[in-house]
Amino acid sequence: MDKSGYYGQFGGAFIPETLNATLWQLNTAFAEVKEDSSFWTEYETLMSTYSCRPTPLTYAENLSSHFGGPRFYIKREDLNHTGAHKLNNVMGQGLLVQRMGKNRVIAETGAGQHGVATATMAAKLGYSCTIYMGEVDVARQRPNVFWMQQLGATVVPVKDGARILKDAINEALRDWSTNMDTTHYVLGTACGPHPYPEMVSYFQSIIGMEARNQILSQAGRLPKRIYACVGGGSNALGVFSGFLEDSSVELVGVEAGGEGLETNKHASRLAYGHGSVGVAQGYKTYFLQDEDGQMLETHSVAAGLDYIGVSPILAAYHEEKKIRFEAATDKEVLEATRLVMRMEGIIPALESAHALAGAFREAPQMNADDVIVINLSGRGDKDIFTIADALGDATWKSFIATKAEEYSA
Amino acid sequence: MLEDYIWRKKKERDILIMAHMVVGYPSIEESLDLVRTIVAAGVDLMELQIPFSEPIADGPVILKANQTTLSSGLRVDDCFRFAHQVTNEFDIPFLFMTYYNIVFKRGEERFFAEAREAGIRGAIVPDIPPEEGESYMAAATANGIDPIFVLAPTSSPQRFDYLGRFGSGFFYCVARRGVTGAETHFSVELDEFLQRCRKATQLPLALGFGVSSKEEIEFLRGKAEIAVVGSQALRVLNSDGIGAVGSLFRSLR
């Protein structure tokens, strides 16, 4: 028997038979492009002319002196087109769709960043596009819903289950098994059945390749630590992949601590030790689930991290202790967001601010001349409503109230 | 084993009917009534679905029933107790239908040992393909439970050959792409699919997904041994109650 796509005991392809043929097709297409060096060149050219690759690595001088060290370097995926690392994976898969000859793409989205990226790719490459998004996330990430629709995508609010990211994935899988002849499922993170974890990491590895060159040329040495937020894990795998062979570099994944460990209102599968091994959504990994194997409700201020599972590749690195996992609470994340806005003039996505919060917590224990890299996976414009609410901004509230009156007049 | 039962039954009637229900929906008591009603209506086999929070192969009707039972607090233990009760009371084979995580979390060996004690005869788990299911199949078989595998219209000829080597009891043939509950065209294409299935295996064939009327069951006579009626029964249950489900199954004969 052929079991492929395993990372230690994690991964695999646990899928209904109907999807076997289309996953086979995807495996074949992906295997071909990996062997074809002209494909990566085509991909890099597209990303440097359509998107903003390479994204800069910014030395955050004010933060560095605020904490008295370490020296903070921020990898600016917020400056990638559509405002997050998501487009790296999406454009790669978009080129694969051309090779497979399909004309429709579907995707799940939590924060809406992956949805916006997919809608953007579909507009650029000429595919029809449907985005599945949990009803709860539709409400909390409304600006991204607006943009997906303006880009020509149909956004379907998912009203089943917990009405968040996992439910959007289930619904996308159902659509795919119905329309697989014409449709490619652009899964947004390094989860799901093989080959998605490998394929998504492959396209996101562009972050780590750039970051390694940039830190060597700017700081003159490798960093002591790298921090990345971890929902499904694609931005973390992207940046970490550039440093996996460097044993001196410590890799730190920061999960969503929500309201904290003791409240059970969080989305930390690994750091809090609440996850257990299971099989769902096509793959085996650590899930937040009960004794029966029913998935639990998760919580995070950041919709993009509010997810039950984690990349099987990260689960394997966790077991091998190649990556250390921490969690940052909603409260820490909002404080980190405020600090980086004021000190560096950078508005981080709430997801990405988890990486900042993790680094800020550990900064006092580091030396002044230590070098660290934080992967800022996306920008925070989309979070304007959530951040304004969290900060209790009175002028914003009155603006919204006035706007609402205008609309209802 | 299920295979013998099916061939034996086939001598009495030209097509068997397998009913599907979600354990604990709308409540444990009512689902017990439902089994009683469906068995009295003359079905030949029955699938008991253990609810799962992420049922990716199910469409909206069965999905909602899964969610309702889970939010009512139904546990997997309750499903085993329920199975025990119905297999004691009724003389048709019962199968578990669920998703792999339910089996995995309980432990494959324990799941099947307990299923055997509960009188269960087969298991339909749509998200465990044979590639991933070596220990799953071994645990099922060791406990005298048939692991049922799925054949789909999208499967390639090579895939049919491969799948044909596994499974026991019967093959579950899905009539079309997609998930449970949507409409199926009973067409030449479906004929051809069933012919491909027949070539791939000596085992009986069950045809499911979208079977909802007597005409459709007529169509399947001579082409499949078993017609599976799932979402349609659940729709009737939701709109007209348990008695109407009994009428539905009687009308299919």
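All residue numbers refer to position in the chain's written sequence, counted from 1. As a convention, the first chain written is A and the first ligand written is 1, with the rest following in written order. Given that the model is predicted, a residue must reach a pLDDT of at least 70 before its local features are reported, and side-chain atom pairs must reach 80 or more before they are shown or counted; all residues, however, enter totals for whole chains, interfaces and linings. Side-chain figures throughout are based on the complete set of non-hydrogen atoms in the structure, without hydrogens or water.

## Some thoughts on the sheet that holds strand E6 (residues 171–174) of chain B
All names here are of chain B.
Right, on to step 1. Think of it this way: DSSP has to see at least two bridges between two strands before they count as a pair. Numbering of helices and strands runs from the N terminus; a helix is a DSSP stretch of H or I covering at least four residues, while a strand is a stretch of E covering at least two. An order of E1-E2-E3-E4-E5-E6-E7-E8 is seen for the 8 strands of this closed barrel, with the pairing classed as parallel. The average undirected angle you get between the axes of adjacent strands in this sheet is 30°.
Right, on to step 2. Both strand E4 (residues 122–124) and strand E5 (residues 146–151) contribute to a ladder of 3 bridges, which runs parallel. The partner of Gly122 across the bridge, within E5, is Asp146.
Right, on to step 3. Against the sheet, helix H2 (residues 28–40) contacts strand E1 (16–22), strand E2 (45–49) and strand E3 (94–97), and its axis sits at roughly 170° relative to E1. Orientation is described by lines fitted to C-alpha atoms, with helices fitted over the stretch in contact, and by angles between N-to-C directions that extend from 0 to 180 degrees. Here, two residues are considered to be in contact whenever any of their heavy atoms come within 4.5 Å of each other.

## Side note on H2(B)
All names here are of chain B.
Right, on to step 1. In this model, H2 (13 residues) spans 18 Å end to end at C-alpha, consistent with the 18 Å of a helix rising 1.5 Å per residue.
Right, on to step 2. Using a 1.4 Å probe on the protein chains alone, a residue whose accessible area is under 20% of its type maximum counts as buried, one over 50% counts as exposed, and one in between counts as partly exposed. Every buried residue belonging to H2 is among Ser31, Leu32, Leu34, Val35, Ile38 and Val39, and all of these are buried. Within H2, the buried residues cover an arc of 155° as seen down the axis, which keeps them to one side. Residues of H2 that are exposed and point more than 90 degrees away from the buried face comprise Glu29 and Ala40.
Right, on to step 3. Close packing links the buried residues of H2 with E1, E2, helix H4 (76–89), E3, helix H11 (231–240) and helix H12 (242–251).
Right, on to step 4. A positive phi of about 95° marks Gly42, the residue just after H2. Helix span, as expected, comes to 1.5 Å for every residue beyond the first. Here the arc refers to the directions that run from the helix axis out to each C-beta atom.

## A closer look at the interface of chain B and chain A
Quite often, the size of an interface is put as the accessible area lost when its parts meet.
Right, on to step 1. The interface is formed by 41 residues belonging to chain B together with 38 residues belonging to chain A.
Right, on to step 2. Both sides together, the interface formed by chain B and chain A hides about 3,300 Å², and carbon and sulfur atoms give 50% of it.
Right, on to step 3. Accessible-area loss on putting two parts together, using a 1.4 Å probe and summing over both, is the definition of buried area adopted here. Considering only the surface of chain B that becomes buried against chain A, Glu54(B), Ile56(B) and Glu132(B) emerge as the three largest contributors, covering 21% of it.
Right, on to step 4. We define a salt bridge as a side-chain nitrogen of Lys or Arg found within 4 Å of a carboxyl oxygen belonging to Asp or Glu. Linking chain B with chain A are 6 salt bridges, by the criterion used here.
Right, on to step 5. As a salt-bridge pair, Asp292(A) and Arg75(B) come within 2.7 Å of each other at their nearest N and O atoms.
Right, on to step 6. Two N or O atoms count as a polar contact when they lie within 3.5 Å, although within protein this holds only if one can serve as hydrogen donor and the other as acceptor, and sequence-adjacent residues are included solely when both atoms are side-chain atoms. There are 23 residue pairs in polar contact (both at pLDDT 80 or more) connecting chain B and chain A.
Right, on to step 7. For the side of chain B that touches chain A, the secondary structure elements donating two or more residues are helix H3 (60–71), helix H5 (100–106), helix H7 (134–142), E5 and helix H8 (157–164) of chain B.
Right, on to step 8. Counting residues per element, the side of chain B that touches chain A draws most heavily on H5(B), at 5 residues.
Right, on to step 9. Three classes are used: nonpolar for Ala, Val, Leu, Ile, Met, Phe, Trp, Tyr, Cys and Pro, charged for Asp, Glu, Lys and Arg, and polar for all others, with Gly counted as polar. In the side of chain B that touches chain A, the residues fall into 24 nonpolar, 6 polar and 11 charged.

## Comments concerning the sheet that holds strand E10 (residues 250–258) of chain A
Residues and elements named next belong to chain A.
Right, on to step 1. One open sheet accounts for 6 strands, arranged E3-E4-E14-E9-E10-E13; its pairing is mixed. Across the chains shown, the open sheet's two edge strands, defined by having one partner strand only, are strand E3 (57–60) and strand E13 (323–329). Taking each pair of neighbouring strands and ignoring which way they run, the sheet shows an average axis angle of 25°.
Right, on to step 2. Pairing of E3 with strand E4 (residues 71–76) involves 4 bridges; the strand directions are antiparallel. Within the sheet, the bridge partner assigned to Tyr59 lies in E4 and is Tyr73.
Right, on to step 3. Contacting E3, E4 and strand E14 (371–376), helix H9 (residues 196–219) crosses the sheet at an angle of about 145° to E4.
Right, on to step 4. Against the sheet, helix H12 (residues 330–344) makes contact with E3, E4, E10 and E13, and its axis sits at roughly 90° relative to E13, the strand it touches most.

## Quick notes on the domain arrangement of chain A
Residues and elements named next belong to chain A.
Right, on to step 1. Along its sequence, chain A is carved into domain 1 (14–48 + 85–196) and domain 2 (53–83 + 205–390).
Right, on to step 2. For the domain bounds, the source is a domain assignment made automatically or taken from a database. Each of domain 1 and domain 2 was reduced to a C-alpha centroid, and the two centroids are 23 Å apart.
Right, on to step 3. If you look at the interface, domain 1 gives 35 residues, while domain 2 gives 39 residues.
Right, on to step 4. Where domain 1 abuts domain 2, roughly 2,900 Å² becomes buried across the two surfaces, and 60% of that area is made up of carbon and sulfur atoms.

## A look at the packing of H11(B) against H12(B)
Residues and elements named next belong to chain B.
Right, on to step 1. Contact geometry for H11 and H12: axes closest at 7 Å, N-to-C directions at 145°. For the element pair H11 and H12, the recorded crossing hand is right-handed. Between H11 and H12, the residues in contact are Gln232, Ala233, Val236, Leu237 and Asp240 and Ile242, Ala244, Val245, Leu248 and Phe249, respectively.
Right, on to step 2. In terms of residue class, the contact of H11 with H12 is built from 8 nonpolar, 1 polar and 1 charged. Left-handed describes a crossing whose near helix is turned anticlockwise from the far helix by less than a right angle; the clockwise case is right-handed.

## What about helix H13 (residues 350–362) of chain A?
Residue and element names in this part refer to chain A.
Right, on to step 1. Relative to the 18 Å expected for 13 residues at 1.5 Å per residue, H13 spans 19 Å between its end C-alpha atoms, a close match to the ideal helical length.
Right, on to step 2. Among the 13 residues of H13, 12 are classified as buried, and the element is accordingly described as predominantly covered.
Right, on to step 3. Looking at H13, one finds that the buried residues are Leu350, Glu351, Ser352, Ala353, His354, Ala355, Leu356, Ala357, Gly358, Ala359, Phe360 and Glu362.

## Here's the deal with the pattern of salt bridges
Residues and elements named next belong to chain A.
Right, on to step 1. As enumerated under the stated definition, the model contains 48 salt bridges over all chains in all.
Right, on to step 2. Notably, a salt bridge pairs Asp78 with Arg76, separated by 2.9 Å at the nearest N-O pair.
Right, on to step 3. Of the residues examined, Asp78 reaches a relative accessible area of 5% and is grouped as buried.
Right, on to step 4. When its relative accessible area of 12% is taken as the criterion, Arg76 is described as buried.
Right, on to step 5. Here Lys265 ties to Glu259 by a salt bridge, and the two come within 3.7 Å at their closest N and O atoms.
Right, on to step 6. Residues joined in a network through salt bridges with shared partners are Arg225, Glu250, Arg324, Glu326, Glu332, Arg361 and Glu362.

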